[in-house]
Amino acid sequence: MKISSYAALQAGEALVPYEYDAGPLAAEDVQVAVDYCGVCHSDLSMIDNEWGGSRYPLIAGHEVIGRVVALGEAAQNKGLQIGQRVGIGWTAKSCQHCDACIEGDQVNCESGKTSTINNHGGFASYLRANWQWVIPLPDALDIATAGPLLCGGITVFKPLLMHNISATSRVGVIGIGGLGHMAIKLLRAMGAHVTAFSSSAAKTDSIKAMGADRVVNSRDPQALSALAGQFDLIISTVAVDLDWKPYFQALARRGAFHTVGAVMKPFEVPAFSLIVGDRALTGSSTGSPGQLRALLKLASRSDIAPQVEEFPMSQVNDALEHLRTGKANYRVVLKADF
């Protein structure tokens, strides 16, 4: 079967129309017609080969909302139906038999494949993935805005599960952009007390409208030092190096600093910042199929929707440039128009 897409032929190049033969549908796979696909900073990193390991032609896109159009032989009777609305995120395939998969930690499968690096992605007319990674959409979710939940949303939701966040928790979020704004909405729905750390004073009112209880200037050393010992969890969504010491000092007893931002420079952590108070420095990737299903149920029940800007998929290069230059208003979503 021929699939139309937009692909980078070399690192950093503009995407061009690209057609490929997907071959027969594998037994465990589901073919999904793409309706919408979010654009993530990870897509830029892979297109530009910032992390190494990108293979070209590269078809990015891993926040897909679409419809089931075909089921492999072993994917039938797995709860998916032709025509059903579904989502596919960062991971497209996992082996189902390694220790990680058996333990329900499929995102760390030893031979797993992402939707982009080892598998053609969602800037295309169709996307294929193993049935367990094709996540049914609750009826109440808006299909035009739900895509970013499948990568950015699960990326900030997983730390809340890992650290047992509840309505009594005090949580800080560093960086209120594409990831951070979804973290605030999720924390608000869970009833936690939320502090947003932002360098943009102009965003204060909009950040509070999302659900933050307070907004702290991340460039104000005095404001940061006044927060010592307050937080059960601080989530960093930024990919730039900061002075991390005030944030470690802001952790409560047994608090954790959790990074989901891909900071390329090693963290400088004073040992006693962790030893005193039994504090921790942790990190995580995206989530398992079960965690993705839980997130979408919470988003549906609590009316959580990422804030997005929409571009036709045929204008994918304009959308990428919009994101690359920092002009995106939180998240960008492509609408398929093949």
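Residues numbered from 1 in each chain as written. Predicted model: local features only at pLDDT ≥ 70, side-chain atom pairs only at ≥ 80, totals over all residues. Heavy atoms only, no water.

S.K.: What is the right way to read the pattern of salt bridges from this model?
M.R.: Side-chain pairs of opposite charge can arise where the charged atoms are in close proximity. Considering all chains together, one arrives at nine salt bridges under this definition. For R67, the salt bridge goes to D35, with nearest N and O atoms at 2.8 Å. Within this pair, whereas R67 is found in strand 4 (residues 64–71), its partner D35 is found in strand 3 (residues 29–39), the two being separated by 32 residues in sequence. Residue class for D35 comes out buried when judged on its relative accessible area of 14%. With its nearest N and O atoms 2.6 Å apart, the salt bridge here joins R324 to D48. One end of the pair, R324, is in helix 10 (residues 316–324); the other, D48, is in the loop between helix 1 (41–47) and strand 4, and 276 residues separate them in sequence. The partly exposed category is assigned to D48, whose relative accessible area is 22%. Shared partners join several salt bridges into a network, and the residues in it are D35, R67 and R85. (Salt bridge = Lys/Arg side-chain N within 4 Å of Asp/Glu carboxyl O. Helix = DSSP H or I, 4+ residues; strand = E, 2+ residues; numbered from the N terminus. Buried < 20%, exposed > 50% of the residue type's maximum accessible area, 1.4 Å probe, protein only.)

S.K.: Help me understand the sheet that holds strand 10 (residues 170–174) in this model?
M.R.: In a beta sheet, neighbouring strands pair by backbone hydrogen bonds and run either parallel or antiparallel. Spatially, the six strands line up as an open sheet ordered 12-11-10-13-14-15, and their pairing is parallel. Of all the strands in the sheet, just strand 12 (214–217) and strand 15 (280–283) have a single pairing partner and so form its edges. Geometrically, the sheet is characterised by an average inter-axis angle of 20° between neighbouring strands, direction not taken into account. Bridge count between strand 13 (residues 231–236) and strand 14 (residues 251–259): five bridges; the pairing is parallel. Paired with I234 across the two strands is F257, which belongs to strand 14. Helix 3 (residues 152–162) rests against strand 13, strand 14 and strand 15 of the sheet, and its axis sits at about 155° to strand 13. (Pairing = 2+ DSSP bridges. Axes fitted to C-alpha atoms, helices over the stretch in contact; angles between N-to-C directions. Contact = heavy atoms within 4.5 Å.)

S.K.: I would appreciate a short explanation of the nonpolar core in the present structure.
M.R.: Across soluble globular proteins, nonpolar side chains have a tendency to be buried as a group. L149, L160, I184, L186 and L187 are the most contacted members of the largest nonpolar core, which has 43 residues in total. Look past the residues within four positions of L149 in its chain and what remains in contact with it is L141, I154, M182, L295, L296, A299, I304 and P306. Among the nonpolar cores identified, the runner-up in size contains 40 residues, and L15, L71, A92 and L320 belong to it. (Core = buried A, V, L, I, M, F, W, Y, C linked by side-chain atoms within 4.5 Å.)

S.K.: Got a minute to help me understand the pairing of strand 8 (residues 126–130) in this structure?
M.R.: On a regular strand, each side chain points to the face opposite its neighbour's, so the side chains alternate between the two faces of the sheet. The buried count for strand 8 comes to four of five residues, which makes it a mostly enclosed element. Two elements, strand 3 and strand 8, share five bridges in a ladder whose sense is antiparallel. When the sheet's bridge partners are listed, A33 is paired in strand 8 with Y126.

S.K.: Explanation requested: the pairing of strand 10 in the structure shown.
M.R.: Judged by how many residues are buried, strand 10 sits mostly within the fold: four of five residues are covered. As defined by bridge partners, strand 10 adjoins strand 11 (residues 193–198) across five bridges and the pair is classed as parallel. Bridging from a neighbouring strand, I174 pairs with F197 of strand 11. A crossover connection joins strand 10 to the parallel strand 11 through helix 4 (residues 180–190); in handedness this β-α-β unit is right-handed. The pairing of strand 10 with strand 13 spans four bridges and is classified as parallel. Opposite V171, over in strand 13, you have L233 as the bridge partner. (Right-handed = clockwise from strand over helix to strand, strands pointing away.)

What is shown is where atoms sit, not what they do.
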